[in-house]
Structure formats: structure tokens, C-alpha cells
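Working through the structure, step by step
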Amino acid sequence: MNERNFFVSAEEKERERLPPIPNQPPSGLDRGGKQHFPSFSSFISTINPKRPSDGQGFSTQCLLPAVRHVRELPPICADARQKQRISIHTLPPEMKAPFPSDPVIPLRTKTTKEFQEDIERATASGDWKSVHDFYVTTFDSFLELNAAFKKEANAPFNTTEDSGINIKFVNAAYDALLYTPPDIQKSVLRGIINSLLREWKGPRTKDDLRAYFVLVQNPQYTSTATYVIYAHLLRQIAALAEADHHFLVHWFKKLSQRRFKQLVERLLQFISTRLFPARPEELPPMAKCSWWIPSATRVLALLNAANSISTPPIISFTDFYNLTLDHIDIMEDYQTWQTHGNSNRFSFCQFPFILSTAVKKAVIQRDSEQQMISMARQSLVDKVSRRQRVDMSLLFLNIRVRRQQLVSDSLDELTRKRMDLKKKLKVTFMGEAGLDMGGLTKEWFLLLIRQIFHTDYGMFTYLKDSHCHWFSSWKCDNYSEFRLVGTLMGLAVYNSITLDIRFPPCCYKKLLSPPIVPCDQNTPVGMATLTLDDLQQAMPDLARGLGEFLSYEGNVEEDFCLTFQVSQEELGVIKSYNLKPGGDKIAVTKQNRKEYVQLYIDFLLNKSIYKQFAAFYYGFHSVCASNALMLLRPEEVEILVCGSPELDMNALQKVAQYEGYSKTDTTVRWFWDVVLSFPIELQKKLLHFTTGSDRVPVGGMSDLNFKISKIDVPSEWLPVSHTCFNQICLPSYKSKKELKQKLTIAISNAEGFGLE
């Protein structure tokens, strides 16, 4: 045995252990102690060599050849390893030679073109030796990975802008790998094991990061047979220093959309399979690998960060959702997060990007229910302690309004009962019969929002280009009605009601700035950092003009004659405002125009409407104050408030329930023929007629519990509905034409027909 082989065997293989990751936080999934890496032998044995291939990816025997090449070492006593470690320092120089402190990357000359030519020749001839040698050598160590894929062997590439990796070559090597003979694929996995087993001392070099960057892109990790290797790779990446993560984030950002999405999907599949394995016997017991899911989630967080700093994002934020988590006890996870925060105790709530909007809605609803119960219990206790008569109405937020005085009555009621806002909402229209089982509440929201947002009311301006509403900038002494709108939005989320409100996305960014109301009332709220992209979504024409101004090549100062002062109309009066102190005397030039545009955007979307939005902000948070809001993205708040405007009546037909009818009855078939042929506006009216809202809730059509019931009345009658139960009642009409006529009349005249 030569000296190098002896050294590797004694110091690495004899220890038969992957190096423990320093400062690895304990998992919230693990109630026991901290788990160490399994020994090399147990690491190999987790892949059962006796189990046949499942036909997907690699055979479960893929690592068996590695066992044959592991030298059987004589048993050693418990302290022998420590003695071996100490004796390393006394080894002769030639024994230390293979481990220089500043390794020099081996010189390699194979290009992408040459590699592809090798693949073509091997495919044609069946002789894969050259390709096999390339893969065996390349994946055996971090040094060889850099030698193969680094653009220049000894160039440092210590920059976030360029990983120094020849991505085209990496892609070619991985694309070809899946079509090579099984022994080549197995040799790559053995090489990765060798790479991960080597103990690297001291801080990571950029070449180490490059190796991780290359290894994590390996497409072989779609098979459960490779999950043990994948888990150890993810653990080492997750344990890197923050500065190293910073580099990886920017390198991930440079990947193509397809490769980036594949990385995300592999990680999500890994987490889902570990949580709910199709064949539990294929994976180690959860107790022995509780660090798998935290490690994978932390690496996924790096990809989410890369996606967030990209403009536009590489993929949609919804592509990071793991729908498997819809089926776990998320409230237990939420309570863990509430108790331990972002400490060492793992919870998915630390990484909210992985939770779907439906899960977050469930958390908010459960949190709301707990607060409702708490408020109701406190009211009962107060009554009993004072020996007062207990009235069950005190368990609810009871709103009594007149239709003719809807806004003023609602404002008075909500102001007077602001201590009851966290109770279950019930609405009564004075002078009208009927109990509120949910339908009257929906109608109250609809009518109130429609009246407040009418342009004649003056609180909001309708932006035609973006089809959105925005806050009027007029100044007044009382902004209570803006607080009312915020309270309404909060009550809608709190009571799971969708509203037909159209604000630009930046409104929801402002609503979460900050997500929790600051203790210091002097702290500014709603002052989000907004950009030209945010203005584009609200005022596209103005944003386009400012964009052209930023790219103007002429003399900015002489051609535009602008100063750091803006003017706007307020109730028919033109008023001027300085964007910064002395702005009316500071000319806008080519050098300072970016500052001008940023200050202008900040003025339009933040400062000019500060008091209006602050009142709106406090109204919303007076109802929805909860740590659960910290889990939400602005886009998700919008979906919770407004639902989705995208209607899919085919999906509604699939989940519809029937009472007195079956889905094959003639009346039902006519109904769906008519509804599916309706224009979108009539479909929205049908949805509003049946459910009290024309918006689709977070969970989609399936969350509506839409029901079609038979009613035994003459066919001259119109359809009726019970909005609190999302139910439409249809008589047995004599023809499709009659059904269409009666249904159209009913859904077009469905408002305010209660008894006076």
C-alpha cells in the first residue's frame, strides 16, 4: 500500500464517518438529541442492495459496487481514533504532502465540444471508456470538479457576479449522464461520496463553493436511492457560513429558468418524499435523519433569495409552495415558531415561502378563531363576575345598519364596538326580516365597499390605466373613514369574506410595512420602499414617462427645466411640494435624475397620502393583529382579501353538490349548458347571487361548497338562493330557454329585496 492510500484509509475511511457539521441547529422534527452523520458503512447500508430496482432512476443496488472497494480495516478501540488524530501531526513530511494548505488545481484540457464528441463516439461505438474515465476522475474530489468545470484553472473568480464555472459544460455533462450506462452513473455517485467524505479544515474556499454549486445541480437526485447522498450534500451546503451563502445565492441567480426550476422541484420532492414516503422501507427512519428536511429547506431558502433579488423573478413565488405541507399539522408548527421564533428550533413557519396561501389562510383562521373564543370567554367572565344577566349576543360583533345611512351607521357601530372587533361578525339590516347566517354579512360588505369606492364619494381615485383605486391626496381633519375601510378589510380576512376591492400591489406592500404594528406610535407606518416597477402597476403611463426620462440622452437640465418640486391638484386647487429641502431651487440634471425619480415615486405612493394610509393601516391591523401576518407576502394578502377574479365554471361544475337532483337530471344539464355559455359578467353575477361574492376564495372553486337544490314550486317561479350556504334552488323548468330566462332575471336583480 502506498503512503497516500494508507493515509486516506487510516484518517478518512477508518473513521468511516462524514464530518459533523459545526453549529448545526437541532431540528424541530427531532424531539431527541442532536444527530450525527451515520458511519460510512451504515451510510452505504441504507441503500438496501437486496431490493430490486423500482424502474425509476437508479436501482437501489446502485451503491453496491462501492462496498467492494472499501477496505476492511481491523477493529480499533474507542480511543484509537483520537490517537490516530494526534499522531498525524508527527507524520513525516512526505505523508503530509497530499494535503497542501493551498491546493493547486490539476490541469485539464477537455472542452465542452470535445466532451460532446466523446459522447457521440461512445453512443455510436458502444465503447464508453473515455466517457467513464472523465466522470470517474471529475467527481472524485472538489479539486477535480474545479479542474473540469472551472473556466480558468488558477483564476480566483472571487466575485458574486461570476461563479467561474463553465455552466454550458456542466449542463452538457449532466444532460449526457442520464443516458450513459448504469456503471458510469454509479461511479459518479461513488465519486460524490468520496468528495463529501473528505474532511476540509478551516474556512471554505471559493473553489469549495464552486464544487457545491456543481454537485447540487446533479439530476440523479430524483431517485430515492440517491437521497442519502443528496441529504449529506444539502447538510454541508446548509451549514456554510453566511458569506458563502451570499455567493451561492448570486450564482443561483445566474442559472437559466429551466435549470433553476429543476433545482427547486428536486428539493420540494425531497422534502415531500421524506415527510410522506411511498415506500418507507427505502429511507432511513425519521429519527435517524431528522436533519434532512431542515437542511433541504435551508438550501431551498437560498434559491428563494436568489429568486427574490432577480428582476423580474426567475420563477413565480408560487413555484416554491410545497402542497404536501397542506396535510401536516401546521398549527403545531406555528406554535413552535410562536414559542421559539427563528431560533435553533426548526419550523416551516421560519421559511414561509414554502407554505401555500391555503395553509397560511388556515393558520390565520385558526389564530382568528382562538382570538374570537378568547374575546367571547372574557366577555362571559366579565358578565358573570358582575352578576349581570348573560346575553348570548355578547359573543358576537353585532352590527345594525340602515341601508339609507349605510356608511355613517357602519362607522358609528364599528367605532362604538371597537373592543369587539375580534368577535364573530353578525349584521342586521334594520327593518328587514332574516337572521344572518353569513349571507347578510356578505351583502353588507359588498354594498359598503361599493359605496365607499364610488368616485363621487371622493375617498379614492379610480386609475383607468391600471383599473385600480388609489387614495385621494386631499387633506382633511378626520381620516376615520379611511380607518373604516381598513377595518372592513381586516374583518373580511378575519371572517373569511372576499371583497371586490382593486388596489395596486404596492398597497399590500405598504400594509405589511411593518407586518406588526410598532409599539411606538410615532414610528411611521405604511412607508414601503417602492420602485418604478411598483408605480408601473398603479400608474403605467406616468411610469413609462419617467422611464423614458431616465434614459433620455439629451440635455436634461435645459430640455426639461425641472426642479426637485412637484405639483398636484387637490379638490380643484394646484399645490406644490418640495421633494427635499430647498427642492424648488435645485435643478434636475443628468447626474441627479435617478434621485429625482425615486423621490417623486416616494412622494406619490407614500408621503402625499401618508395620513390617509396610516388610518387605513391601523384600521386593518386593529382586527388582524397577529404574528401570522409575518408569514404573508403582499400578493398573498391581496388574495386573502379579494380572492381570485379568475372564474372557472368547469371546475365549479366538477365539485358541485346536489340535493333533490342528480348531476344527470335534465334540469341540471340545462343549467350547466346555460351557465357555461354565459359571458363572464353573467357568470360573476351568478356567483354573487349564490355565494354573496363574485370572487373565488383562496382554495379555489372547491372551497365554495356550491350546491344545487330542487324546489317544488311552479316553473313560473324564479330561482332563489341561500348565500350563507352557497346554495341555489331551481324549480323543474320545462325547457332550457325558460331556465335561461328565469335564471338571468334572478341573478340580475338580486340585491336589497328584503322587507321594509
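Residues numbered from 1 in each chain as written. Predicted model: local features only at pLDDT ≥ 70, side-chain atom pairs only at ≥ 80, totals over all residues. Heavy atoms only, no water.

An unreviewed UniProt entry annotates the protein as Probable E3 ubiquitin-protein ligase HECTD2 originating from Albula goreensis. Taken from UniProt, the Catalytic activity (unreviewed entry) comment for the protein reads in full: "S-ubiquitinyl-[E2 ubiquitin-conjugating enzyme]-L-cysteine + [acceptor protein]-L-lysine = [E2 ubiquitin-conjugating enzyme]-L-cysteine + N(6)-ubiquitinyl-[acceptor protein]-L-lysine." (UniProt positions renumbered as here; feature names shortened; annotations may be inferred.)

Structural notes on the packing of helix α18 (residues 406–416) against helix α20 (residues 480–494)
Between α18 and α20, whose axes approach to 10 Å, the crossing angle comes to 75°. Classified by the angle their axes make, α18 and α20 are roughly perpendicular. In this structure, α18 uses Val407, Ser410, Leu411 and Leu414 to contact α20, whose residues at the interface are Ser480, Glu481, Leu484, Thr487, Leu488 and Leu491. Per-class residue counts for the contact of α18 with α20 are six nonpolar, three polar and one charged. (Axes fitted to C-alpha atoms, helices over the stretch in contact; angles between N-to-C directions. Helix = DSSP H or I, 4+ residues; strand = E, 2+ residues; numbered from the N terminus. Parallel < 35°, antiparallel > 145°, perpendicular 65-115°, else oblique. Contact = heavy atoms within 4.5 Å. Nonpolar A, V, L, I, M, F, W, Y, C, P; charged D, E, K, R; others polar.)

Notes on the UniProt feature "active site" (unreviewed entry) in the protein
The sites that carry the UniProt feature "active site" (unreviewed entry) are, in the present numbering, Cys724. Take cysteine 724: its relative accessible area is 28%, and that puts it in the partly exposed class. (Buried < 20%, exposed > 50% of the residue type's maximum accessible area, 1.4 Å probe, protein only.)

Description of the pattern of salt bridges
In this structure the tally under the stated criterion is 25 salt bridges. Notably, a salt bridge pairs lysine 736 with aspartate 673, separated by 3.5 Å at the nearest N-O pair. You can see lysine 736 sitting in helix α31 (residues 736–748) and its partner aspartate 673 sitting in helix α29 (residues 666–677), a full 63 residues away along the chain. Linked by salt bridges that have partners in common, Lys110, Asp118 and Arg121 make up one network. (Salt bridge = Lys/Arg side-chain N within 4 Å of Asp/Glu carboxyl O.)

Quick word on unusual backbone geometry
Omega for the peptide link from threonine 311 to proline 312 comes to -5°, which places this bond in the cis form. Within the secondary structure, proline 312 sits in the loop between α15 (292–308) and α16 (330–340). That bond from serine 513 to proline 514 is cis: its omega, -5°, falls within 30 degrees of zero. Along the polypeptide, proline 514 turns up in the loop between α21 (505–511) and α22 (532–538). The backbone of phenylalanine 157 sits at a positive phi, close to 50°, despite the residue not being glycine. Relative to the assigned elements, phenylalanine 157 resides in the loop between α8 (142–149) and α9 (167–177). Residues other than glycine seldom take positive phi values, yet cysteine 561 does so here, at roughly 50°.

Looking at the nonpolar core
Of all hydrophobic cores here, the largest spans 174 residues; its most connected members are Tyr135, Phe149, Phe252 and Trp444. Apart from the residues within four sequence positions on either side, tryptophan 444 is in contact with Ile399, Val401, Leu406, Ser410, Leu414, Leu425, Val427, Phe429, Leu488 and Leu491. Judged by nonpolar contacts, the second largest core, of 28 residues, contains Val674, Val675, Leu686 and Leu704. (Core = buried A, V, L, I, M, F, W, Y, C linked by side-chain atoms within 4.5 Å.)

Quick notes on helix α11 (residues 206–215)
Among the ten residues that make up α11, ten are buried, leaving the element largely enclosed by the rest of the structure. All buried positions along α11 are accounted for by Lys206, Asp207, Asp208, Leu209, Arg210, Ala211, Tyr212, Phe213, Val214 and Leu215.

A word on the sheet that holds strand β10 (residues 727–730)
One open sheet accounts for four strands, arranged β7-β8-β10-β9; its pairing is mixed. In the strand order of this sheet, the two ends are held by β7 (657–659) and β9 (720–722), each with one partner. Going from strand to strand, the sheet's axes swing by 25° on average, the running direction of each strand aside. By the bridge criterion, three bridges tie β9 to β10 in an arrangement that is antiparallel. (Pairing = 2+ DSSP bridges.)

Looking at the packing of helix α12 (residues 227–238) against helix α14 (residues 257–275)
Contact geometry of α12 with α14 gives a least axis separation of 12 Å together with a crossing angle of 115°. Compared by their axis directions, α12 and α14 come out roughly perpendicular. Note that α12 runs across α14; the crossing there is left-handed. Residue-level contacts link Tyr227, Tyr230, Ala231 and Leu234 of α12 to Arg266, Leu267, Gln269, Phe270 and Thr273 of α14. Here the residues of the contact of α12 with α14 sort into six nonpolar, two polar and one charged. (Left-handed = near helix turned anticlockwise from the far one by under 90°.)

Observations regarding the packing of aromatic side chains
Evaluated as defined, the whole model comprises 50 aromatic pairs. Note on tyrosine 617 and tyrosine 618: the rings are 5.5 Å apart at their centroids and 90° apart in plane angle, and the pair reads as edge-to-face. Take tyrosine 617: its relative accessible area is 0%, and that puts it in the buried class. What makes tyrosine 618 buried here is its relative accessible area of 18%. Each member of the aromatic cluster is reached from another via a ring pair, and the members are Phe453, Phe460, Trp470, Phe471, Trp474, Tyr479, Phe482, Phe503, Phe613 and Phe616. (Phe/Tyr/Trp six-rings, centres within 6.5 Å; stacked < 30°, edge-to-face > 60°.)

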